[in-house]
Amino acid sequence: MNQARSLRIYNTLTGKKEIFEPIVPGHVGMYVCGPTVYNDAHLGNCRTYVSFDVIHRYFRLLDYKVRYVRNITDVGHLTDDGEDRMAKGSKLAQLEPMEVAQRYTVGFHEMMRILNTLPPSIEPRATGHIPEQIEMVQDILDRGYAYEKNGSVYFNVPKFAAENPGTYGSVSGRILEDLYAETRELKSQDEKEHPADFAIWMKGRPQDLMLWKSPWSVGFPGWHLECSAMSTKYLGKTFDIHGGGNDLKFPHHENEVAQNFGSCGCAPAKLWMHANMLLLNNKKMSKSDGNTISPAELFTGTSQHTSKAYSPMVVRFFMLMAHYRSTLDITDEALLAAEKGFKKLMETNKILQSLPVDSKAFDGSENDHDRAILELIEEAYKGMDDDFNTAIAIASLNEIGSYVHKIANQQLPADAIAPWVLEKMKSTFETFIFNIFGLKDDSAESGDDGTIDGLMSLILDIRNHARTQKDWTTSDKIRDTLSELGIQVKDGKEGVSWGKA
RNA sequence: GGUUUCCUGGCCGAGCGGUUAGGCACAGCUCUGCAAAAGCUGCUACAGCGGUUCGAAUCCGCUGGAAACCUCCA
């Protein structure tokens, strides 16, 4: 696998798929907006990070050196009542703000681990980059795109937009005139010269808990500044990809672009990627309005919205069945279908890997089956090349799986497929399932050291013996009892196997 | 109110002008002591109405429905 493949990625800035061309050949710099750690990660967050995890993994598969930066925001986001989120969380729980941040950061990491996402290369925290943010505020002031009022500093949107045509609104598609018309008089905007302006430094009030010294006041950085400052620090002024959830387009990403542009005169990212929302009850999942399922509820089956528990890998697979730019509706039926599909794919892979390869029969020949399979393999990669279309890739694997079963069931002779093609099928499955999709077999976990396998093989041995004696009472009792325990006995042509139902 | 997106078979979901996407469910068959598992076969849909085109789910217009953003959210 190499970078010769032509990768097309949808760019929010242009509204089109573009051929990906890295700024530095062989390298990818990618920044993804991370979570604000003031409460538990919810499933919507997970979908975005799973999406970017697959993107990260695919770049790596293509042999790019990826620097993947995903921040932790542990300061600076105000709630609608004007209170800092971190402060609010800490007051409720009688904790230091950093205790709140720490608790939920740990929880977030744990969730990312459970969902088998690779860690980012750098995970900077907003509170660890206050000097960088102050510096950026100063740069913006120096370039004349901000003004100070009573110790707070505001970004001057109209001036910036007028002097830099085509920048403000490039991410969200918003037209400044509409913003003017629409921005009604909201509370506490008295200091702003224009309603579209936004704070890049806020003077602290007595009730604020997280405060830093700056040339303008003792206060804290603005809502969007940390991403601008940290992406610049670790990826440079202009880098390849900036990603995040769809709901961050405005105002967060729009203002980020303005800040970066305003401080250095250049665009931060060439390519902006946005993952779409996870839906529940046909509405966006949202922690603020309670329309949400926590991952824990999903994994334990305690949500009112689901009939049973779904494993993290089933949830991950469910997410991959849809394209990252589509909204995805979470329903019990859809999860059930994903669970079946996931188990079948994993089972198919097991069977495939156990098929013997007759290496001496290599003669470079191809028949129709071979060509069809090679075509399907190519389609799986083409799907990924086309804006990371995991749905296409999964469909292709399923079709290849059909050949696997036909051979395993001897509906197709073992030599119907050339050995080298069979080898390629094996490696393709391994690559896609584990390296690209980031799935893992979680059916057999529970820290078992082979005891269960041994017991099962003994039990199935006894059953088999009973069957040869035509002792159906005994053999059926074994099968039925195991079934009650959630273990399914599978009688195949090649012998008996078992799995958790 | 403004901006934008979406509307695909029983369900989920690809699709970006011309082939059956795929999965789940369902039905029939094969295998099997019975069953399950597995396989095979079937199930051909694109909100409605117009238009462009040799040809449209795919492009354009209108109508209807839904959602997102415009305020913190992935």
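For clarity, every value in this text was computed on a predicted model and none was experimentally measured.

A. Broad picture of the environment of glycine 492. Here glycine 492 lies in strand β15 (residues 487-492). For the pair glycine 492 and asparagine 409, spaced 83 residues apart in sequence, the C-alpha to C-alpha distance is 8.2 Å.

B. Spatial organisation of the state of the cysteines. What the rule picks out here adds up to one disulfide. Bridging cysteine 264 to cysteine 266, the disulfide has an S-S length of 2.4 Å. When the S-S torsion is -105°, as for the bridge of cysteine 264 with cysteine 266, the disulfide is left-handed. Looking at cysteine 33, it has no disulfide partner, and the nearest cysteine sulfur is the one in cysteine 227, 3.7 Å off. In this structure cysteine 46 is a free cysteine whose sulfur lies 16 Å from that of cysteine 33, the closest cysteine sulfur available.

C. The arrangement of the nonpolar core in detail. Counting residues in hydrophobic clusters, the biggest one holds 88 residues, and the most contacted among them are Phe59, Phe388, Met425 and Phe437. The residues contacting phenylalanine 437, other than those within four sequence positions of it, are Val54, Arg316, Leu320, Met384, Thr390, Ala393, Ile394, Leu397 and Phe432. By size, the runner-up hydrophobic cluster in this structure holds 23 residues, among which are Ile130, Met136, Ala146 and Ala196.

D. Layout of the packing of aromatic side chains. In the structure shown here, the tally under the stated rule is 15 aromatic pairs. Put simply, the rings of Phe20, Tyr58, Phe59, Tyr64 and Phe388 touch in pairs and so form one group of aromatic residues. Here arginine 70 stacks its cationic end above the ring of tyrosine 49, 5.2 Å away from the centre of that ring. Above the plane of the ring of phenylalanine 250 lies arginine 174, whose end atom (NZ or CZ) is 4.6 Å from the centre.

The rules behind these values
- Residues numbered from 1 in each chain as written.
- Chains lettered and ligands numbered in written order.
- Predicted model: local features only at pLDDT ≥ 70, side-chain atom pairs only at ≥ 80, totals over all residues.
- Heavy atoms only, no water.
- Helix = DSSP H or I, 4+ residues; strand = E, 2+ residues; numbered from the N terminus.
- Disulfide = S-S within 2.5 Å.
- Core = buried A, V, L, I, M, F, W, Y, C linked by side-chain atoms within 4.5 Å.
- Buried < 20%, exposed > 50% of the residue type's maximum accessible area, 1.4 Å probe, protein only.
- Contact = heavy atoms within 4.5 Å.
- Phe/Tyr/Trp six-rings, centres within 6.5 Å; stacked < 30°, edge-to-face > 60°.
- Lys NZ or Arg CZ within 6 Å of the ring centre and 35° of its normal.

Keep in mind these values describe shape, not function.
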